[in-house]
Amino acid sequence: MSDDIPFNKRFDLVPDKVAEVAPNVRAIVADNPGPFTFKGTMSYIVGRGKVAIVDPGPDDDAHVAALLDAVRGETVTHIFVTHTHRDHSPAVPKVKAATGAKVYAEGPHRPARPLHIGETHRLDASADMDFRPDVALADGDVISGDGWTLEAIATPGHTANHMSFAFKEADLIFAGDHVMGWSTTIVAPPDGAMSDYMASLHKLARRGEPLYLSGHGMPIKQAPRFVQHLIEHRKAREASILHRLHKGAADIPTIVRAVYIGLDPRLAGAAALSVLAHLEDMVARGEIATEGPPSITGTYRLADAPLPA
């Protein structure tokens, strides 16, 4: 189904080597490739002379050294964090200690909804639970530096505390993991929520910035059009789930097999959580039903279908 999205799998950057990717923006990719990180996590340097860093990245000494070397002779005045997964924020303490810059983000990591009885934070292993910003940002806050202005855009969905940043002078958005050009974004309850994710996509679609710089992959051109592709993709995923449930009640593994054709086995767990995110949203809207709160082990049916015997 991802064939309907114009992904860009090309990647020209070398790990831990600085490259200019947009006017007044330099990028350094961490050497942490994988099925969820593509070629690695992107860190960005905004401005010249007195600069900001967006997403310092994982706690990797080589990446931190490359990032600090790239700003040698400059002053880092601000550190921005899009969200608190372990490939984006754990380098903050070392970069902050080396530069003295203040850290700006939406807030600490937290689940997108209250946990159900017996439920655990499934993705805590991937979350930076120790992160705390110096300055907590709200949607619409504007932070200015020397020759640059960043507007905070709350974009929950991938995580509850996900925030994108619009770089006014360059007419672009640092989109974190909310929008990526190489793959769809993982939305996995209780870490994230599909209802939040879709609302955030529609929010970005109403903006006009033509270029996005994301947490993984190359710059995204014609960004509003790309966001619309993501919205339509998720609507099609819902339609596929409904199509399967028209055949009868099903559990999540059955739904995954029906709607993810040719899935990389390494992504099976993420696909199951993504389906759960869709199911949570569809249950809340009254389209489908399950016994008790939606869960990874639940069985789902059309809302007007009878209970199984």
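In what follows, the structure referred to is the one given above.
Everything quoted here is computed from the prediction, not taken from an experiment.

Reading guide: rules and limits
- Residues numbered from 1 in each chain as written.
- Predicted model: local features only at pLDDT ≥ 70, side-chain atom pairs only at ≥ 80, totals over all residues.
- Heavy atoms only, no water.
- 1 Å grid on protein atoms, 1.4 Å probe; cavity = no way out; pocket = protein on both sides within 12 Å on 5 of 7 lines; lining within 4 Å.
- Points joined across faces, edges and corners; volume = space filled by probe spheres on them.
- Helix = DSSP H or I, 4+ residues; strand = E, 2+ residues; numbered from the N terminus.
- Nonpolar A, V, L, I, M, F, W, Y, C, P; charged D, E, K, R; others polar.
- Buried < 20%, exposed > 50% of the residue type's maximum accessible area, 1.4 Å probe, protein only.
- Arc of directions from axis to C-beta.
- Contact = heavy atoms within 4.5 Å.
- Core = buried A, V, L, I, M, F, W, Y, C linked by side-chain atoms within 4.5 Å.
- Pairing = 2+ DSSP bridges.
- Axes fitted to C-alpha atoms, helices over the stretch in contact; angles between N-to-C directions.
- Polar contact = N/O pair within 3.5 Å; in protein donor to acceptor, adjacent residues only side chain to side chain.
- Parallel < 35°, antiparallel > 145°, perpendicular 65-115°, else oblique.
- Expected span 1.5 Å × (residues − 1).
- Right-handed = clockwise from strand over helix to strand, strands pointing away.
- Left-handed = near helix turned anticlockwise from the far one by under 90°.

### What about the layout of surface pockets?
For step 1, the next point in the chain: The volume enclosed by the largest pocket comes to roughly 1,100 Å³.
For step 2, the next point in the chain: Along its surface, the largest pocket is lined by 44 residues, and Phe36, Ser183, Thr184, Ile186 and Leu267 are the ones closest to its centre.
For step 3, the next point in the chain: Top element by residues in the lining of the largest pocket is helix α6 (residues 268–284). It accounts for five residues.
For step 4, the next point in the chain: Of the residues belonging to the lining of the largest pocket, the class tally is 18 nonpolar, 16 polar and ten charged.
For step 5, the next point in the chain: Put simply, the second largest pocket is a space of about 250 Å³.

### Digging into helix α5 (residues 252–259)
For step 1, the next point in the chain: For α5, the set of buried residues is Ile252, Ile255, Val256 and Val259. Axial view of α5: buried residues confined to an arc of 100 degrees, hence all on one face.
For step 2, the next point in the chain: Residues of α5 that are buried sit in contact with α4 (223–245), β14 (250–251), α6 and β16 (299–302).

### Notes on empty space enclosed by the protein
For step 1, the next point in the chain: Counting across every chain of the model gives two cavities of 30 Å³ or more.
For step 2, the next point in the chain: Considered as a void within the structure, the second largest cavity measures approximately 30 Å³ in volume.
For step 3, the next point in the chain: Considering the residues around the second largest cavity, the lining is formed by Met42, Tyr44, Val54, Asp55, Thr82, Phe174, Ala175, Gly176, Leu213, Ser214 and Gly215.
For step 4, the next point in the chain: Where the lining of the second largest cavity is concerned, the elements lending two or more residues are β3 (42–46), β11 (172–176) and β12 (211–214).
For step 5, the next point in the chain: Broken down by element, the lining of the second largest cavity gets its largest block of residues, three residues, from β11.

### Let's talk about the nonpolar core
For step 1, the next point in the chain: Within the largest apolar cluster, 32 residues are counted, with the highest numbers of intra-cluster contacts made by Val25, Tyr44, Phe80, Phe167, Leu172, Phe174 and Leu213.
For step 2, the next point in the chain: Every element with two or more residues in this core is listed here: β1 (19–22), β2 (25–29), β3, β4 (50–54), β9 (149–154), β10 (163–167), β11 and β12.
For step 3, the next point in the chain: Of all hydrophobic cores here, the second largest spans 20 residues; its members include Ala166, Leu201, Phe226 and Ile231.

### What about the sheet that holds β10?
For step 1, the next point in the chain: Here six strands make up an open sheet; going across it, the order is β8-β9-β10-β11-β12-β13 and the pairing mixed. Only two strands of the sheet have a single partner each, and these edge strands are β8 (142–144) and β13 (220–221).
For step 2, the next point in the chain: Where helix α3 (residues 194–205) meets the sheet, its contacts fall on β9, β11 and β12, and the angle it forms with β9 comes to roughly 145 degrees.

### Remarks on the side chain of Thr84
For step 1, the next point in the chain: Take Thr84: it is sitting in the loop between β5 (75–80) and α2 (92–99).
For step 2, the next point in the chain: A distance of 2.7 Å separates a polar atom in the side chain of Thr84 from a polar atom in the side chain of His109.
For step 3, the next point in the chain: A distance of 2.9 Å separates polar atoms of two side chains, one belonging to Thr84 and the other to Asn161.
For step 4, the next point in the chain: Dropping the residues within four chain positions of it, Thr84 is found in contact with Ser89, Gly107, His109, Ser126, Ala127, Asp128, Phe131 and Asn161.

### Structural notes on the packing of α4 against α6
For any two helices packed against each other, one specifies the inter-axial angle together with the distance between the axes.
For step 1, the next point in the chain: Viewed as axis vectors pointing N to C, α4 and α6 meet at an angle of 80 degrees, and their least axial separation amounts to 11 Å. By the criterion of interaxial angle, the relationship of α4 to α6 is roughly perpendicular. Contact with α4, carried on its side by Arg234, Arg237, Glu238, Ile241 and Leu242, involves Ser274, Val275, His278, Leu279, Asp281 and Met282 of α6 and no other residues of that element.
For step 2, the next point in the chain: Grouping the amino acids of the contact of α4 with α6 by side-chain chemistry returns five nonpolar, two polar and four charged.

### Regarding α3
For step 1, the next point in the chain: Helix length check: α3, at twelve residues, gives a terminal C-alpha distance of 16 Å against a target of 16 Å (1.5 Å per residue), a fit within 8%.
For step 2, the next point in the chain: Listed as buried for α3 are Met194, Tyr197, Met198, Ser200, Leu201 and Leu204. Viewed end-on, α3 has its buried residues packed into an arc of 160 degrees, placing them on one side of the element.
For step 3, the next point in the chain: Where α3 is buried, its residues meet β9, β11, β12, α4 and α6.

### Section: the pairing of strand β6 (residues 102–105)
Consecutive side chains of a regular strand alternate in pointing toward one face of the sheet and then the other.
For step 1, the next point in the chain: Note that β5 and β6 share three bridges and pair parallel. The partner of Phe80 across the bridge, within β6, is Tyr104.
For step 2, the next point in the chain: Taken together, β5, α2 and β6 form a β-α-β motif whose crossover is right-handed.
For step 3, the next point in the chain: One ladder, built from two bridges, connects β6 with strand β7 (residues 135–136); its direction is parallel. Within β7, the position partnered with Tyr104 by the bridge is Val135.

### Observations concerning the side chain of Asp55
For step 1, the next point in the chain: By secondary structure assignment, the location of Asp55 is in the loop between β4 and α1 (61–70).
For step 2, the next point in the chain: Apart from residues no more than four positions distant in its own chain, Asp55 is found in contact with Met42, Ser43, Phe80, Val81, Thr82, His83 and His88.

### So, the packing of α3 against α4
For step 1, the next point in the chain: One can describe the packing of α3 onto α4 by two numbers: an axis separation of 9 Å at closest approach and a directional angle of 150 degrees. Classed by the angle they form, the pair α3 and α4 counts as roughly antiparallel. Considering only the axes of α3 and α4, their crossing is left-handed. Across from Met194, Tyr197, Met198, Leu201, His202 and Ala205 in α3, the residues of α4 making contact are Val227, Gln228, Leu230, Ile231 and Arg234.
For step 2, the next point in the chain: Within the contact of α3 with α4, the residues separate by chemical class into eight nonpolar, two polar and one charged.

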